[in-house]
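Tertiary structure, described
Residues per chain, in single letters:
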Amino acid sequence: MSITYLEAIREAQYEALRHDPSVFLYGQDIATFGGAFKATKNLSKEFPNRVFDAPISEDAMVGMAIGAAVEGARPIIEMQFADFSSVGFNQIVNQAATLYWRTNVPCPITIRMPSGGTAGSGPFHSQSMEAIYSHYPGLVIVAPATVEDAYWMLLDSVKLNDPVIYCEHKFLYYHLKAEQIGDRELPIGKARIARPGRHATIVTYSAMVHEALRAAEELQLDGYQIEVVDLRSVKPMDTDTILASVARTGRLLALGEAFPWGGVTAEVIARVTSEGFHLLDAPPMRLNSKDTPIPYHPNLWKSHRPTTSTIAAALRRLLRY
Amino acid sequence: MCLVALASPINCVETDLTADFRDQFLLCYQHMLLARVLEEKLGSLYRAGGRIVGGVYLGKGQEAFSAALGVQLRKGKDIYGPLIRDQAGRIAFGEPILDCVRTYLGAVTGPMRGRDGNIHRGRPKEGLLAMISHLGSLLSVVAGGLFARRLAGTLGDSIGATSIGDGGTSTGAFHEALNMAAVEKLPIVVSVANNQYAYSTPNTRQYACENLVDRAVGYGVSGMVVDATDLASCLKAFRAAVAQARSGGGPQMIVGTLLRLAGHGEHDDASYIPDQKRRDPSARDCLQVAEDFARDHGWMSSAELRDFNEEVRRTVDLTISKVSKEPTPDPFKEKWQALSCADLVEGQHEA
Ligand SMILES: Cc1ncc(C[n+]2csc(CCOP(=O)(O)OP(=O)(O)O)c2C)c(N)n1
Ligand SMILES: [Mg+2]
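What follows concerns the pattern of salt bridges. According to the stated counting rule, one finds 37 salt bridges over all chains in the structure shown. For Arg74(B), the salt bridge is made with Asp78(B), and the minimal N-O distance between the two is 3.3 Å. Accessibility expressed as a relative area gives 25% for Arg74(B), which makes it partly exposed. Exposure remark for Asp78(B): the relative accessible area of 0% places this residue in the buried category. A salt bridge links Arg150(B) to Glu184(B), with the nearest nitrogen and oxygen atoms 3.1 Å apart. Of this pair, Arg150(B) sits in helix 5 (residues 139-152) while Glu184(B) sits in the loop between helix 6 (172-183) and strand 3 (188-194), and the two are 34 residues apart along the sequence. Given a relative accessible area of 35%, Arg150(B) falls into the partly exposed group. Judged by its relative accessible area of 29%, Glu184(B) falls in the partly exposed class. Through salt bridges with shared partners, a single ionic network connects Glu211(A), Arg214(A), Glu257(A) and Arg305(A).

See the structure below:
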């Protein structure tokens, strides 16, 4: 029996509902329908009165989760697409993110964001929002790349006493499968070495972990061993694991699917150059999407985001330096 | 200005049937049929796989309500912000179906050049705004266009019009914009297609007022309800609303009652809509209702209907085969430039 990334997300919500009566789910089309992607399939049946359809009101959805959290609930909010969280932005970054700091009352809400690009989805159903939310103090941002992490990090997010932006990648929903969900290995805040190596390090997260692993395979044919670091949580970022990897390899490629300006890859490079400059044998490199909205047509979409071949090309340049 | 929200729906009566009305009715019917045939074709292209990547969203059942507004608008003068289910309204406004097919197939020749797809298309400089996905965000943009014209002294009797669904009315953006339009007394017609579902979510989980039109009063906006399966009633309502808006009556809200006769998109079988609902009068097919009406009034013979049907199918087939031969975007020729000021575009700071 195998389990997909999407099923793991569903299972984690099942477990959260089962173990903690203060958990409830709120989002558009998530009750009987089971969600646009079926991430909450059957949950309303199994947990009557704890899974609710929301009106198309993202701002109010987040606001109500915050109010409920103050009263002791641990809501999970599903955004139909990460892109629409922009409508709830104010509540997320100003209400949820500041609550604990201002009032000493924690805000344990989890906002699930179906993120990232898939072919034909266009500019408003493809966005990656982790960098935007990471910029604000008071939020935890996770971006699982594996079935295990999808499961455990969602459960950890719900248990965490702070607002968590849980970025789940739509491309991995059905593509990524595991035989079973293994034991919980790492907590939120710790990165994982997805592949050990010694010639260069790729630091990445979410769906790009898999592109990075494929590029590493390709480079192996040329005799290079590429280390891939999966950040798992974008904020807090596990600088120690990144630096330790760069110490082994001397070369860094920071890789992300999101827009290039600022963002997670910029943060990785800033940390490595300021705290580990002496470890570098070559200028660190970044690879992100292009600096335009995300295109609809697959021809453009494939060129907009990093792919195995553009990652491999970047690695070759990095290794030649 | 009428501030009363009419509780009982607008109905068309025999005395409304002037020659001008008949002409508009027949025009609408043609737009509706073209929209229906075109969308059916897009649906089958989607199901066949390959040519259309991404979703296909149909306006099946909403053609009368959509066309009845679109046909009142004057391209080049009015501003139109159509939404998901407005293929018929777009045609009525004067958007060529080439724009639709090119956008669905992602052809570079289309208005969106493969950058955006399906219903996310428009030609803003021709008064046809290109919707973003985020529901509710179009109304204020239409308001802005009218506001600027008024400032510039060029408003004249031009109006703005935009659509929203029952679900979209729950957004803060929609509430803010309607209030703003009312405060500014802008000449806007807002058509609310209450097709009873927002994706899978029924009205009962979307709003708690008796009828969505009740909201009009709260904003100080004129409101009307109409049986949106009945083209004649839709026309009557929109003719009145547009006349009101053009003559300084401020924003007008028309709520049409109907049922979405397709899935949310073609990926969705809409099995959450109970059979009983499908037998409700709101589930009548507006195209059939209009056809019967035209025939009953002797406005169109069965032979004419048949000929027209064939012509429409030919037009759609020709358009699709033409666009199928057109180039899809080439990433190496693409400019990758999100700013109009080319000198401000940063180089790609990447590997
Ligand atoms: C702000 C926002 N949230 C969520 C969505 C996702 N979404 C797209 S269409 C839709 C349902 C729309 O329902 P309604 O407004 O009634 O229009 P209909 O599809 O019935 O024509 C939803 C939830 C969106 N487009 N925008
Ligand atoms: Mg609806």
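Residues and elements named next belong to chain A. Across the five residues of strand 11 (residues 226-230), five count as buried, placing the element largely inside the fold. Because side chains alternate across strand 11, one face comprises the buried residues Ile226, Val228 and Asp230, and the other comprises Glu227 and Val229, equally buried. Strand direction decides the pairing type here: strand 10 (residues 200-204) and strand 11, joined by five bridges, are parallel. The partner of Val203 across the bridge, within strand 11, is Val229.

Let us look at the coordination of the magnesium ion (ligand 2). All names here are of chain B. Only Asp166 (OD), Asn195 (OD1) and Tyr197 (O) from the protein coordinate the magnesium ion (ligand 2), and they sit 2.0 to 2.2 Å from it. Within one chain, the residues serving as donors to the magnesium ion (ligand 2) are arranged as D-x28-N-x1-Y. Residue Asp166 is found in the loop between strand 2 (160-165) and helix 6, and its partner Asn195 is found in the loop between strand 3 and strand 4 (197-198); the two are separated by 29 residues along the sequence. For the residue pair Asp166 and Asn195, the accessibility class agrees, reading buried in each case.

Another aspect to go through is the site of ligand 1. Neighbouring ligand 1 are 20 residues; Glu58(A), Arg85(B), Gly168(B), Asn195(B) and Tyr197(B) lie closest to it. Looking at the residues close to ligand 1, they fall on chains A and B. At a separation of 2.8 Å, an oxygen atom of ligand 1 approaches a polar side-chain atom of Asn195(B). Measuring from an oxygen atom of ligand 1, one finds a backbone N or O atom of Tyr197(B) at 2.8 Å. When grouped by side-chain class, the residues that make up the shell around ligand 1 number eight nonpolar, nine polar and three charged.

Under the criterion given, the structure shown has 18 aromatic pairs over all chains. With a centroid separation of 5.9 Å and an interplanar angle of 50°, the aromatic rings of Tyr197(B) and Tyr272(B) are classed as tilted. You can see Tyr197(B) sitting in strand 4 and its partner Tyr272(B) sitting in the loop between strand 7 (252-257) and helix 9 (275-278), a full 75 residues away along the chain. On the basis of relative accessibility, which here comes to 8%, the residue Tyr197(B) falls in the buried class. Each member of the aromatic cluster is reached from another via a ring pair, and the members are Tyr5(A), Phe37(A), Phe81(A), Phe84(A), Tyr173(A) and Tyr174(A). In this structure, Lys38(A) packs its charged tip against the face of Phe33(A), placed 3.5 Å from the ring centre.

The next subject is the domain arrangement of chain A. All names here are of chain A. Domain boundaries in chain A define domain 1 (3-178) and domain 2 (192-320). Averaged C-alpha coordinates put domain 1 and domain 2 at centres separated by 26 Å. Contact with domain 1, which involves 29 residues of that partner, is made by 22 residues of domain 2. Buried surface at the junction of domain 1 and domain 2, both sides included, amounts to about 2,100 Å², of which 61% is carbon and sulfur. In terms of surface lost to domain 2, no three residues of domain 1 exceed Glu130, Ala143 and Ala145, which account for 19% of the buried area on that side.

Reading the values: rules and limits
- In this numbering scheme, every chain counts its residues from 1 along its sequence in written order.
- To label them, take the chains in the order written and letter them from A, then take the ligands in the order written and number them from 1.
- In keeping with the model being predicted, local features are shown solely for residues with a pLDDT of at least 70 and side-chain atom pairs are shown and tallied solely at 80 or more, while totals for entire chains, interfaces and linings include all residues.
- Excluding hydrogens and water, the side-chain figures rest on all heavy atoms present in the structure.
- One speaks of a salt bridge when a side-chain nitrogen belonging to Lys or Arg is within 4 Å of a carboxyl oxygen belonging to Asp or Glu.
- Under the scheme applied here, a residue whose accessible area is under 20% of the maximum for its type counts as buried, over 50% as exposed, and between as partly exposed, the area being computed with a 1.4 Å probe on protein chains only.
- Secondary structure counts use DSSP, requiring at least four H or I residues in a row for a helix and at least two E residues in a row for a strand, with both numbered from the N terminus.
- Here, a strand pair is defined by DSSP locating no fewer than two bridges between the strands.
- Any N, O or S atom lying within 2.8 Å of the metal counts as a donor, and for Na, K and Ca the limit rises to 3.2 Å; water is left out, so some sites can look incomplete.
- Proximity is defined per residue: if any heavy atom of the residue lies within 4 Å of a molecule or strand, that residue is considered near it.
- Each polar contact in these results corresponds to two N or O atoms within 3.5 Å; when the atoms are within protein, one needs to be able to donate a hydrogen and the other to accept it, and residues that are neighboring in sequence are counted only if both atoms are side-chain atoms.
- In this classification, Asp, Glu, Lys and Arg are treated as charged, Ala, Val, Leu, Ile, Met, Phe, Trp, Tyr, Cys and Pro as nonpolar, and every other residue, Gly included, as polar.
- Aromatic rings from Phe, Tyr and Trp, with only the six-membered ring used for Trp, were paired whenever their centres fell within 6.5 Å, and each pair was classed as stacked if the ring planes differed by under 30 degrees, edge-to-face if by over 60, and tilted otherwise.
- Criterion for a charge above a ring: Arg CZ or Lys NZ at most 6 Å from the ring centre, at most 35 degrees from the ring normal.
- For the purposes of this description, domain bounds are those given by an automatic or database domain assignment.
- Two residues form a contact once any of their heavy atoms are found within 4.5 Å.
- Take the accessible area each of two parts loses on contact, using a 1.4 Å probe, and add the two losses: that sum is the buried area.

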